[in-house]
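Here is how the chains run, residue by residue.
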Amino acid sequence: MSHLSERPDKPAVGVSMPHESAVLHVTGTALYTDDLVHRTKDVLHAYPVQVMKAHGRITDLRTEPALAVPGVVRVLTGADVPGVNDAGMKHDEPLFPDEVMFHGHAVAWVLGETLEAARLGAAAVEVELDELPSVVTLREAIEAESFHGARPLMATGDIDAGFADSAHVFTGEFQFSDQEHFYLETHAALALVDEAEQVFVQSSTQHPSETQEIVAHVLGLHSHEVTVQCLRMGGGFGGKEMQPHGFAAVAALGAKLTGRPVRVRLSRTQDLTMSGKRHGFHAAWKIGFDADGRIQALDATLTADGGWSLDLSEPVVARALCHIDNTYWIPNARVAGRIAKTNKVSNTAFRGFGGPQGMLVIEDILGRCAPLLGLDPAELRKRNFYRPGLGQATPYGQTVAQAGRIAAVWQQVEDNGALADRARAIAAFNAEHPHTKRALAITGVKFGISFNLTAFNQAGALVLIYKDGSVLINHGGTEMGQGLHTKMLQVAATTLGIPLDKVRLAPTRTDKVPNTSATAASSGADLNGAAVKNACEQLRARLLQVAASRLGTNAADVRISEGVARALGSETELAWDDLVRTAYFQRVQLSASGFYRTEGLHWDAKTFRGSPFKYFAYGAAAAEVEVDGFTGAYRIRRVDIVHDVGDSLSPMIDIGQVEGGFVQGAGWLTLEDLRWDGGDGPNRGRLLTQAASTYKLPSFSEMPEEFNVTLMENATEEGAVYGSKAVGEPPLMLAFCVREALRQAAAAFGPGGVSVELAAPATPEAVFWAVQAVQAAQAARGAGLPGTDAAGDEVSGNGRAVTGNAGNGRVPADAEALSGA
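(A) Looking closely at the pattern of salt bridges. Here the structure, examined in full by the defined rule, presents 54 salt bridges. For Asp-80, the salt bridge goes to Arg-74, with nearest N and O atoms at 3.1 Å. Note on Asp-80: relative accessible area 18%, which makes it buried. A relative accessible area of 27% means that Arg-74 is categorised as partly exposed. The partner of Arg-684 in a salt bridge is Asp-680, and the shortest N-O contact between them spans 3.9 Å. Arg-684 sits in the buried class, given a relative accessible area of 13%. Accessibility expressed as a relative area gives 75% for Asp-680, which makes it exposed. Through salt bridges that share partners, Glu-363, Asp-364, Arg-368, Arg-381, Arg-739, Glu-740, Arg-743 and Glu-757 make up one connected network.

(B) Structural detail: the environment of Phe-182. Here Phe-182 is to be found in the loop between strand 8 (168-176) and strand 9 (188-193). The sequence separation of Phe-182 and Ala-691 amounts to 509 residues, and the corresponding C-alpha distance is 9.5 Å. Excluding anything up to four places from it in sequence, Phe-182 contacts Arg-268, Leu-272, Ala-691, Ala-692, Tyr-695 and Leu-697.

(C) Just the sheet that holds strand 27 (residues 615-628), in detail. Strand order in this open sheet of 4 strands is 16-27-28-29, and the pairing throughout is mixed. Each end of this open sheet is capped by a strand with a single partner; those strands are strand 16 (436-449) and strand 29 (706-711). Between one strand axis and the next, the sheet turns by 15 degrees as a mean value, whatever way the strands run. Sheet analysis places strand 16 next to strand 27, joined by 14 bridges and oriented antiparallel. Residue Gly-444 lies in a different strand from strand 27, and its bridge partner there is Ala-620.

(D) Examining the sheet that holds strand 4 (residues 99-100) more closely. If you walk across this open sheet you meet the 3 strands as 4-2-6, and the pairing is antiparallel. Here the strands that pair on one side only, and so sit at the sheet edges, are strand 4 and strand 6 (126-131). Where strand 2 (residues 56-62) and strand 4 come together, 2 bridges link them in antiparallel fashion. Note on strand 4: the bridge partner recorded for Gly-56 is Val-100.

(E) Looking closely at unusual backbone geometry. Residue Ala-760 is joined to Pro-761 through a cis peptide bond whose omega torsion reads 10 degrees. By the secondary structure assignment, Pro-761 is in the loop between helix 18 (736-747) and helix 19 (764-782). A positive phi angle is found at Phe-237, which is not glycine, with a value near 60 degrees. Secondary-structure assignment places Phe-237 in the loop between strand 11 (226-230) and helix 7 (244-258). Located in the positive-phi region is Tyr-722, a residue other than glycine, with phi close to 50 degrees. Mapped onto the elements of the fold, Tyr-722 is located in the loop between strand 29 and helix 18.

(F) Layout of helix 3 (residues 115-124). Where helix 3 is concerned, the buried positions are Ala-117, Ala-118, Gly-121, Ala-122 and Ala-124. The buried residues of helix 3 occupy an angular sector of 155 degrees when projected down its axis, which confines them to one face. Residues of helix 3 that are buried in the fold lie against strand 1 (44-51), helix 2 (64-67), strand 3 (72-76), strand 5 (105-112) and strand 6.

(G) Geometry of the confidence of the model for the protein chain. Per-residue confidence for the protein chain averages 95 on the pLDDT scale, and 95% of its residues sit at or above 70. Of the regions scoring below 50 in pLDDT, residues 791-821 engages in 76 contacts with residues more than four places distant in sequence or in other chains.

(H) Highlighting the nonpolar core. Counting residues in each nonpolar core, the largest one holds 111 residues, and the members touching the most others are Ile-287 and Phe-662. Considering each element in turn, this core owes the most residues, 10 residues, to strand 27. In this structure, Ala-525, Leu-543, Val-546 and Tyr-722 belong to the second largest nonpolar core, which totals 53 residues.

(I) Quick look at the side chain of Ser-724. For Ser-724, the position within the fold is in the loop between strand 29 and helix 18. Within polar-contact distance, the side chain of Ser-724 engages the backbone oxygen of Val-721 at 2.9 Å. With sequence-adjacent residues up to four places away left out, Ser-724 is seen in contact with Asp-526, Tyr-615, Val-645, Gly-646, Asp-647, Leu-649 and Glu-717.

What counts as what
- Residues numbered from 1 in each chain as written.
- Predicted model: local features only at pLDDT ≥ 70, side-chain atom pairs only at ≥ 80, totals over all residues.
- Heavy atoms only, no water.
- Salt bridge = Lys/Arg side-chain N within 4 Å of Asp/Glu carboxyl O.
- Buried < 20%, exposed > 50% of the residue type's maximum accessible area, 1.4 Å probe, protein only.
- Helix = DSSP H or I, 4+ residues; strand = E, 2+ residues; numbered from the N terminus.
- Contact = heavy atoms within 4.5 Å.
- Pairing = 2+ DSSP bridges.
- Axes fitted to C-alpha atoms, helices over the stretch in contact; angles between N-to-C directions.
- Arc of directions from axis to C-beta.
- pLDDT = per-residue confidence, 0-100.
- Core = buried A, V, L, I, M, F, W, Y, C linked by side-chain atoms within 4.5 Å.
- Polar contact = N/O pair within 3.5 Å; in protein donor to acceptor, adjacent residues only side chain to side chain.

See the structure below:
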């Protein structure tokens, strides 16, 4: 076992414990960025001047009327920026733009003594605009060839030979929706300048070091003149990886110019209309199978809706390409990626970071093709699994280690959920209920862990031991509710051999641990945990020398466990507090800076080849649903999950992450339907779903009636901190089983062998129209018409079939009118 993964006796890791801030959360005493305003004197409030047009060039910006509003102190414009007027890492996101690029784009910010004064001042600012043509929808961008950024191409094998050898070839399209993060805490920042002109920013950010960098270059300062702290976030999900930087820069600029603290806190509607989402995608594909249903070739083009600027769209598309295989070996593949430039908010990271989009494409393909191949969807998936011992590699060239876990978690779900018995019961139920159908579907997950950009796979930590034996941890990861800080406390206590109550964790700050990576890519515990462990090991090694001299033995023979140092084979003990005090008087350094870099990674973005991931996380899930054929309404009756988290650092935290990730994934795939005004009227480009009243989020009522989550046992991950695996993102993709179950339930309303196209999100309306299409296919067969699939597209009978344009994330136009959309 590797040094990094080996666990000592009686570790604090692996113990189920509550979130370190759980009591603060439930009592309402946990502080978030905006709570600090009430503890800060003379705070000014910032309010955006939003332009409600999709695209146009600013011809005049008159701020004088705002300054006449009582309580308005200043209006910030591009003329006030002393450094670089840009809030992005690609230098394509002007903080104060002279060209409006999306409906609701902020072109100036008003500072007021109160939020209401700032709001009235923003309303008084006069903006004249020369409107320009806009591209709102993904299809418009594709037709107009409106693209930006890199266009990666992933290729393996011989694609032409693969199709030539295929007994069945299918083609199709699939467009699916974006997703709003809808974190409980909206974007917030509070900035102040001290007597030394040092800028201090409290920010709700997943990437404090990058927020620091952006604030510094906007203000024309060096990074050491700016400190960014993240106390905690009320959710992030990737939406606070890049997007907070501009809001922090506005607050910092206002503080620098006025000498007073400045607060930025977006309302929910402002957050929804100004911040980026998960990328919606369009996929055009062609796939070939042999006579047994094994994939021979895949040719696909994935187009992401990037919005107006690049943000993180390039790595999102790269990860989508890297995950289009999911759990399936594809010997011959050619997959192209591109980023559509649209006049919408700049889309950004969201839990899974493109991986879910890539994986959804292959799962949709298999779900649609299984009936045409005459195979049960679960059987088709199993036939195409990566298999151990064959050296099978992904389309980008990385060997799939632990491939046996794909089938292992799948089999465990089948056994735990008694899927075979329940499938028979469902068939009997469906035979007796013509207007209500049930279905049971199972899908798997293979998700790569590490940042695609190799340089981001590093972390630092600073651990301090005080004379009284208490320990303070600083690390570069941020806490957004996912339990990272809890795990870091457990790692430190385990490594030092002391009780958990001896350890406390400090807020994440750039002046304690510099140059940190974002808390993203599910790598927070892997990277920061290893850095904390490294710092604690340095301290423990020093203390072992001190203990050895006190105990009269060699340092190699001393163990520290449960707060006591003992020599092997001796009854003599030295308490932790006494050991630390002794070390202090011996002038032994009691602080250490830890560092970790992930080894074994290499990636060539130009050739799209390499091994970008440290390891893969695996999982499988089965969902049983019931659908009403009259309305398309459905409920999730039961979900069974088995997920691989290695040897869990904190089982209660990890199970919570699996549950939460699954529900968020189910929301994306079945409920959350962002709508934009794509018409030619005055509100073109406006987000129509601007609140929870119009944007349907999963709630308690959408939870499975029976929800069983099991963590895979005996799953040590060599080379990861204490044998654990990442858990943040992979569970989201377990929710594919819900959408596939809905597809199979819709199919049950018609004849066998029908390929059902289902929109994503599969809202009740979308399920209703899928049921209608299935019943139309049954009617067509009864009338003796040529074979059709559920979309009404003709299917040839020569072993090769062609399907039509798949679910595009929207119900038919006439149905939109009926649904009141």
